[in-house]
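Descriptive structure summary
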Amino acid sequence: MSSDTPSSSLLVIVPAYNEEGAISGVIRSVREVLPEVRIIVIDDGSWDDTARVAERGGADVFRLPHHLGLGGAVQTGYRFAFEHDYQQVVRVDGDGQHNPADIEKLLEAMRQGDYDMVSGSRFLVPNGYPVRTMRRFGSLLFSWILHPILGKRMTDPTSGFVAVNRRALEVFSGSFPLEYPEIEALVVLKRKALRFSEVPTKMLPRRSGQSTINGWTAAYYMVRVLLGVFVNVIKYENRCHTETRG
Amino acid sequence: MEQIRVVTTVFCLLLLFQIVRSVRREHIRVEYSMAWFGVAVLLLGLCLSKTALNWLSWVLGIHDSSLVFLVVAGVLFLTIFFRSSIQVSGLKDHNIVLAQKIGLLEWELKRQGVEIAQLREQKSPRERPDSSGVQ
């Protein structure tokens, strides 16, 4: 079947920036779980061999001409999925921290609860992957701040392991936060009256490299995300999807 | 006060000269130079006209003329910087869309190239018997 008529309604997107050490393992582990599903790696202007390694691993690779940031890379995948009539998209990060065995759990929750987006929460797993104190504190703080805005508690609002349906795809392909998009994306969905939830998922150690959020970037991250949330709350636009489902 | 007027006049003239030079060399587009032209001319007018500066200090309620000049210059520069930020944000949005489209189009081109190559390969064995017949 040609790419214009997708063989499956499900697409897996993997945003990656300088992940040559981890990307082939990520593709392989997704393939083990979903052998028929198209995997697209969005190479966000890496200066290492990420794109070539991903192609050798059997994924389709979109090479962005320069670094856009995580949100720009993820939105490229969402745009492609929306334009090619995919019904569901799962985002798996290129560092190998997400366990593809949990993808079915995300999709099942989305189907069962008629949610538009379901994300994986590492904090709902007892004795899961150990999280650094600062990270845990940040997640708790965001969770606490977001509670009144979202109208529900999200234990892991920074999670990038998400499944979205066509309704969310339509929203995200048109507008998606550029930097640190996960938290703002929740607010965007809430503003559009779309539904979201989270399920417990296991977090694995990084296959290679290290997190970009540490030290001073963590402080910048906090301020930047809080400002983004505030802007999204007060944003003026014609509110569509005003009917709340469920 | 006279000294600061001389200094600011020289600064404004230098700014005007630099704007004209940048426009001539196409370092700055005409539409983006307009705001800077306006600021330079306005500040130069304030430097050269004592009456205008006195009137403005009366309006603002500031008795120190040099402080008036600084306040006006500060407000004008902040306005220009803010306007520039809006323009940069718009350009960044366009840039993101373009970069995404390039990424998608390059992949599409590559995919079509592979499909064409496969079609040629499928076609060539059928053509081979004819060519062998000619030989």
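Since the structure is predicted, the reported quantities are computational estimates derived from the model, not experimental observations.

Within chain A, the secondary structure is distributed over 8 helices and 7 strands. Pairs at least 24 residues apart make up 77% of the contacts formed inside chain A by residues separated by at least 6 positions.

Moving on to the confidence of the model for chain A. Caution is warranted with low-pLDDT regions, since their predicted coordinates should not be read in detail. All names here are of chain A. Here chain A shows a mean pLDDT of 86. Residues at 70 or above account for 87%. Every residue in residues 1–7 scores below 50 in pLDDT, and together they form 8 contacts with partners more than four places removed in sequence or on other chains. For the stretch residues 238–246, pLDDT sits under 50, and the model shows 11 contacts to residues farther than four places along the chain or on other chains.

As a further point, take the interface of chain A and chain B. Contacts between the two partners involve 14 residues from chain A and, on the opposite side, 9 residues from chain B. When contributions to the side of chain A that touches chain B are tallied by element, the ones reaching two or more residues are β3 (60–63) and α3 (70–83) of chain A. If you tally residues by element for the side of chain A that touches chain B, the top one is α3 of chain A, at 5 residues. Residue classes in the side of chain A that touches chain B are distributed as 6 nonpolar, 5 polar and 3 charged.

Ranked by size, the top nonpolar core spans 63 residues in total, and within it I40 and V41 of chain A carry the most contacts. Counting residues in hydrophobic clusters, the runner-up holds 9 residues, among them V39, L46, C47 and V68 of chain B.

It is worth spelling out α3 of chain A at this point. All names here are of chain A. When the terminal C-alpha atoms of α3 are compared, their 20 Å separation across 14 residues agrees well with the 20 Å that a helix rising 1.5 Å per residue should span. Most of α3 sits out of view: 12 of its 14 residues are buried. Within α3 the residues assigned to the buried category are L70, G71, G72, A73, V74, Q75, T76, G77, Y78, R79, F80 and A81. Residue D85 follows α3 closely and has a positive phi angle near 60°.

The strands that make up a sheet are held in pairs by hydrogen bonds between backbone atoms, and each pair lies either parallel or antiparallel. Residues and elements named next belong to chain A. Spatially, β3-β2-β1-β4-β6-β5-β7 is the arrangement adopted by the 7 strands of the open sheet, whose pairing is mixed. This sheet does not close on itself; its edge strands, each paired only once, are β3 and β7 (196–200). Here the strands of the sheet are splayed against their neighbours by 20° on average, with no regard to which way each runs. Here strand β1 (residues 10–16) runs beside strand β2 (residues 38–43); their pairing, made up of 6 bridges, is parallel. In the sheet register, P15 faces β2, and the bridge partner there is I42. Of the strands in this sheet, β4 (88–91), β5 (117–121), β6 (162–165) and β7 touch helix α4 (residues 103–113), which is tilted by about 140° from β7.

Okay, the packing of helix α5 (residues 133–150) of chain A against helix α7 (residues 181–191) of chain A next. Residues and elements named next belong to chain A. Between α5 and α7, the least distance of the axes is 11 Å, while the angle of their chain directions is 10°. If you check the angle between α5 and α7, you find them roughly parallel. Residues F142, L146, I149 and L150 of α5 form the contact with α7, whose participating residues are I183, L186, V187 and K190. Grouping the constituent residues of the contact of α5 with α7 by class yields 7 nonpolar, no polar and 1 charged.

Moving on, we come to the confidence of the model for chain B. All names here are of chain B. Taken over all residues, the pLDDT of chain B has a mean of 87, while the share at 70 or more is 91%. Considering only residues more than four positions removed or in separate chains, one finds that residues 131–135, a stretch of pLDDT under 50, has 0 contacts. Here the complex is predicted with pTM 0.80, and the ipTM for its interfaces comes to 0.78.

Residue and element names in this part refer to chain B. Note on placement: Q122 falls in helix α4 (residues 65–134). Judged by C-beta crowding, with 9 C-beta atoms within 10 Å, Q122 ranks as exposed. Each C-alpha atom of the pair Q122 and A35 lies 63 Å from the other, and the pair is 87 residues apart in sequence.

Take the packing of α5 of chain A against helix α8 (residues 216–234) of chain A next. Residues and elements named next belong to chain A. Running from amino to carboxyl end, α5 crosses α8 at an angle of 10°, the nearest separation of the two axes being 12 Å. With respect to α8, the axis of α5 lies roughly parallel. The residues of α8 that touch α5, namely those facing M134, G138, F142 and I149, are A218, M222, V225, V229 and V233. Per-class residue counts for the contact of α5 with α8 are 8 nonpolar, 1 polar and no charged.

Rules used throughout
- Residues numbered from 1 in each chain as written.
- Chains lettered and ligands numbered in written order.
- Predicted model: local features only at pLDDT ≥ 70, side-chain atom pairs only at ≥ 80, totals over all residues.
- Helix = DSSP H or I, 4+ residues; strand = E, 2+ residues; numbered from the N terminus.
- Contact = placed C-beta atoms within 7 Å.
- pLDDT = per-residue confidence, 0-100.
- Nonpolar A, V, L, I, M, F, W, Y, C, P; charged D, E, K, R; others polar.
- Core = buried A, V, L, I, M, F, W, Y, C linked by C-beta atoms within 7 Å.
- Buried ≥ 20, exposed ≤ 12 C-beta atoms within 10 Å, placed from the backbone.
- Expected span 1.5 Å × (residues − 1).
- Pairing = 2+ DSSP bridges.
- Axes fitted to C-alpha atoms, helices over the stretch in contact; angles between N-to-C directions.
- Parallel < 35°, antiparallel > 145°, perpendicular 65-115°, else oblique.

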